[in-house]
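# Working through the structure, step by step
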2 protein chains.
Amino acid sequence: MISVAEADAVISKAVKESYAERVYVQPYQKVSLESSLGRTMTEDLLADRDQPPFDRVAMDGLSIKFDPAVLDQTLNKVAYLQAGSPNIFGSPWTQANDALEVMTGAALIEPWNTIIPWEDLDQVGTDNLGSWRIKAGLRVREDQHIHHRASDYAAGQNLLQSGTTIGPAHIHLLASNGVSNVSVYRQPQIALVSTGDELVAVEDTPLPHQIRRSNLIAIAAALHRLGLTSKYNAHAIDEREDLHTKLALALQTCDIVIVSGAVSMGSFDLVPSILQELGCSCLFHKIAQKPGKPLWFGKGPHGQLIFALPGNPVSSLVCFRRLVLPWICPALNAANMLHLPLAEDCNPAHSGFTRFAPACLVDQGFGPSQLSLGKAQGSGNFFSLIPSDGIVEIPPNDKPYPAGSVVRFFPWY
Amino acid sequence: MISVAEADAVISKAVKESYAERVYVQPYQKVSLESSLGRTMTEDLLADRDQPPFDRVAMDGLSIKFDPAVLDQTLNKVAYLQAGSPNIFGSPWTQANDALEVMTGAALIEPWNTIIPWEDLDQVGTDNLGSWRIKAGLRVREDQHIHHRASDYAAGQNLLQSGTTIGPAHIHLLASNGVSNVSVYRQPQIALVSTGDELVAVEDTPLPHQIRRSNLIAIAAALHRLGLTSKYNAHAIDEREDLHTKLALALQTCDIVIVSGAVSMGSFDLVPSILQELGCSCLFHKIAQKPGKPLWFGKGPHGQLIFALPGNPVSSLVCFRRLVLPWICPALNAANMLHLPLAEDCNPAHSGFTRFAPACLVDQGFGPSQLSLGKAQGSGNFFSLIPSDGIVEIPPNDKPYPAGSVVRFFPWY
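Residues numbered from 1 in each chain as written. Chains lettered and ligands numbered in written order. Predicted model: local features only at pLDDT ≥ 70, side-chain atom pairs only at ≥ 80, totals over all residues. Heavy atoms only, no water.

## What to know about the interface of chain B and chain A
Of the residues lining the interface, 100 residues belong to chain B; the matching set on chain A comes to 100 residues. Surface buried jointly by chain B and chain A totals about 8400 Å² across both partners, of which 63% is contributed by carbon and sulfur atoms. Across the salt bridge formed by A:Arg212 and B:Asp48, the nearest N and O atoms sit 2.9 Å from each other. Along the contact surface separating chain B from chain A lie 25 residue pairs in polar contact (both at pLDDT 80 or more). Those elements that provide at least two residues to the side of chain B that touches chain A are β12 (158–160), α2 (168–176), β16 (211–212), α3 (215–225), α6 (313–328), β23 (338–341) and β27 (406–411) of chain B. A breakdown of the residues in the side of chain B that touches chain A according to their chemical character gives 50 nonpolar, 31 polar and 19 charged. (Contact = heavy atoms within 4.5 Å. Buried area = accessible area lost by both parts, 1.4 Å probe. Salt bridge = Lys/Arg side-chain N within 4 Å of Asp/Glu carboxyl O. Polar contact = N/O pair within 3.5 Å; in protein donor to acceptor, adjacent residues only side chain to side chain. Helix = DSSP H or I, 4+ residues; strand = E, 2+ residues; numbered from the N terminus. Nonpolar A, V, L, I, M, F, W, Y, C, P; charged D, E, K, R; others polar.)

## Description of the pattern of salt bridges
Charged atoms that come close allow side chains of opposite charge to pair. Residues and elements named next belong to chain B. Within this structure, the stated rule accounts for 28 salt bridges over all chains. Measuring nitrogen to oxygen at the nearest pair gives 2.5 Å for the salt bridge that ties Lys77 to Glu101. You can see Lys77 sitting in strand β5 (residues 75–81) and its partner Glu101 sitting in strand β7 (residues 98–102), a full 24 residues away along the chain. The two residues Lys77 and Glu101 agree in class, both being buried. With a shortest N-O distance of 3.9 Å, Glu393 and Arg408 are connected by a salt bridge. Here the residue Glu393 occupies a position in strand β26 (residues 390–394), and Arg408 occupies one in strand β27, the gap between them amounting to 15 residues. We classify Arg408 as partly exposed; its relative accessible area is 28%. (Buried < 20%, exposed > 50% of the residue type's maximum accessible area, 1.4 Å probe, protein only.)

## A word on the sheet that holds strand β17 (residues 230–236) of chain B
The strands making up a sheet associate through hydrogen bonds between their backbones, and the pairing can be parallel or antiparallel. Residues and elements named next belong to chain B. Spatially, β17-β14-β18-β22-β21-β19 is the arrangement adopted by the six strands of the open sheet, whose pairing is mixed. The open sheet terminates on both sides in strands that have one partner only, identified here as β17 and β19 (281–285). Averaged over all neighbouring strand pairs, the angle between strand axes comes to 15°, with direction disregarded. With five bridges connecting them, strand β14 (residues 190–195) and strand β18 (residues 256–260) associate as parallel partners. Looking at the pairing, Ile190 lines up with Ile256 of β18. Sitting on the sheet, helix α4 (residues 240–253) is in contact with β14, β17, β18 and β22 (305–309), with an inclination near 175° to β17. (Pairing = 2+ DSSP bridges. Axes fitted to C-alpha atoms, helices over the stretch in contact; angles between N-to-C directions.)

See below:
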């Protein structure tokens, strides 16, 4: 039995190898920029022009050619310059108090080189084009409110490297550089296989000793929400032949196989031995954690990743959120794992086990967000997860953790 | 000019009213459970049966009829009980040390009433069915490792109320109660309208004084990722007629209109006056914040929500993340806003303004996750957002905040 930290290390290494071998290979996909958030780039992005591409007006107002002598004089508007226009409308600059009305985003034209925002001006004249004075006591700096050409980056600069996950700001950068379709690695193909004679379809009316399947539907919903899809879905009865056939098909068609049920110590827990028959190697079986101890993880004969989760619904959800999702979905945001203080005292699990428990984020009005566990519940009770915001990871300890102790938090998606 | 807190209150109230009036009305949609994460339920969920529906075996092992006298005797397996089976295979219970092999998930049959997990047993006999002894020193409790019928909830109980946002655990609950298609409120219809003569399409090659459009593509990508879509997309030039036509169409077809550009103080900032012509009422214009001061927010003649964002890309992204997204997307998870300590000293904005800045989550190996701002950048530079994990909100203050001060953090999606 290994620790949660050891499991993280084993899974992380195997996913890295497997993605490099199976997923991060050609042919690449092209996706529209609108649907590219969270995808991984296959190419560097080189700047196609300077940014800004010109000396960009950063405030609406008047522009002058800076001259200390003119700051307490009346400024006369002689022309205006619109964003998107290559030319001024009006007369060119001829003397120090000639001002140009400018719009944010316009490409400034020499010799005008300093911008006074409208907020800092008082209108004085009522003539045709208008006259203004700078408000008393304001300091005007030569060059102010101009976003200079190439001050963000220069044409040819390597802006984003291959392997980057596309976030909101990346979309701006890609769009600004003319990339409307972006080359990304394909998504992993995921198979979901459940097993258990007691399980019937959601649509069916269960007999008294049966229950409806829910584990893989919850996982399918999570994948759907995160932009991944399951390519192969199957339910097997607790018989070698059926399970063998369905796991073999899953391994044939997918990069990642997620199995639910039959990984524990029962006589019908056939998954580990059938996976072995199919050429899969076990990288670990059982983690010192509650719930979710029976988790099995391994690799298929062609580098496929196999996560076999316990059939208990709470164990299934905890294992998926904590030990599957972060590794197979590189697009999860940075806040998918946080360190936060406990709102109350908290008991660890016994005998060196890591405890996972549902928790809510609470704010006391001061200090960082805290984690409140509510009352502890048995691992079979998924109803107890309903009011939670995510799960906390309570490391093994020989005494209770006092309120304020910092633990890991994994929010629901 | 209002504060960020006042803006939150105004937007929250208007969204609530508008959703009740326009979005949370019939006809409802039915969606498959797999695609229902983040959607809002229109009906209560009543339990269709007890949970568990039977006395459910919670561990693989042997079951006995509890009797203190038998705990140090040899237990003889006389039958086994599979999950999903209504009957035992083998002989019925006749004497105290008759044991039943049980599988997790099986419906326990009287008089067997206590479960000893395999981990706690040593095999002693090698006969046909097998004999076991409980490991020395173990305490066995009557009734242990049984998840009792109706202990989670009873048939008929109201489990989820109308108006609930569906999360991962809710999927289990819905599936277990036979709901394969769930009735949800429709998603809001969103229109995106940008304006600016200097802006060309991403596919186009801009002239020296032009730039490519990126603001609404970034917003469309965010909506796409969060399961929302924009129903109407348009770009208008800086002329009253074109802008009037396109904003009118947006208001006709959508619940929410997001406008980019032309809301500041320039002569061509036509958006506020045209929205007024179209019967929209301004609920605020300008917030004491940097960047994003020019934000305009109001309601249309039929309760539509209108967010008019500044055209500057960083302002646009900050306003969208901080003041639009949390209100229009009820499905954002609880960790979409957190209170966390600053990793370094941090300057507020001047003169009563709230400052927003990109930040990264950092872990020092102890204490809560912290926020690192890196070096401050001008609001026009979206390249500076690239390495960030989200934005921090630095409230107005007359002196710098020392490291460790707790501020709000809004992670990217």
